[in-house]
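# Summary of the model geometry
If you want the building blocks of each chain, they are given just below.
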Amino acid sequence: MGITVNRKNILFKPKLDRVLARRFNLSPERSKRIIQRVLALSDEQKNSLITQILRNYARRHRSVLNVLERNFKFKEQELKDLKIDSKKLSDVEKLLIGSFFTMEYSIEAAAYFNPSIVISPDQSQTT
């Protein structure tokens, strides 16, 4: 028994004002590796990356700097474990670390791709 799929000429266009920036949480060990990799970048690479990030996300998130700063603060324990004094980090480094622990989340996209809204091929309700 096959399923017939009828494709429609419908395109979903993103609405950039309906995307949330939220914390991207990883295990402490993975977080520490990311922090080390970020801090190992050259100053030129750090500046280039944060410029790209701010250029791309400032249009979608009014308070992107606050979000990145907040997500950086969630990594205080990992910084302590790495024996890194957060007061000695530059603003660029703090924002960049915060950006690596920030993700965008679209509620509408989650609704589109939620498997619970997909009709089951077997609608007979028999077990």
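Values in this document were obtained by computation on a predicted structure and should not be read as measured data.

## Considerations on helix α1 (residues 28-40)
If you check α1, its first and last C-alpha atoms are 18 Å apart, about what 13 residues at 1.5 Å a residue would give, namely 18 Å. Among all positions of α1, only Ser31, Lys32, Ile34, Ile35 and Val38 are buried. The arc enclosing the buried residues of α1, seen along the axis, measures out at 165 degrees, which places them on a common side. Opposite the buried face of α1, at more than 90 degrees from it, the exposed residues are Arg37 and Ala40. Residues of α1 that are buried in the fold lie against α2 (43-57), α4 (76-81) and α5 (91-100).

## Comments concerning α2
Here α2 spans 21 Å end to end across 15 residues, near enough to the 21 Å set by a 1.5 Å rise per residue. All buried positions along α2 are accounted for by Lys46, Ile50 and Ile53. Buried residues along α2 cover an arc of 60 degrees about the axis, so they all sit on one side. Turned more than 90 degrees away from the buried face of α2 sit Glu44 and Arg55, all of them exposed.

About the cut-offs
- Residues numbered from 1 in each chain as written.
- Predicted model: local features only at pLDDT ≥ 70, side-chain atom pairs only at ≥ 80, totals over all residues.
- Heavy atoms only, no water.
- Helix = DSSP H or I, 4+ residues; strand = E, 2+ residues; numbered from the N terminus.
- Expected span 1.5 Å × (residues − 1).
- Buried < 20%, exposed > 50% of the residue type's maximum accessible area, 1.4 Å probe, protein only.
- Arc of directions from axis to C-beta.
- Contact = heavy atoms within 4.5 Å.

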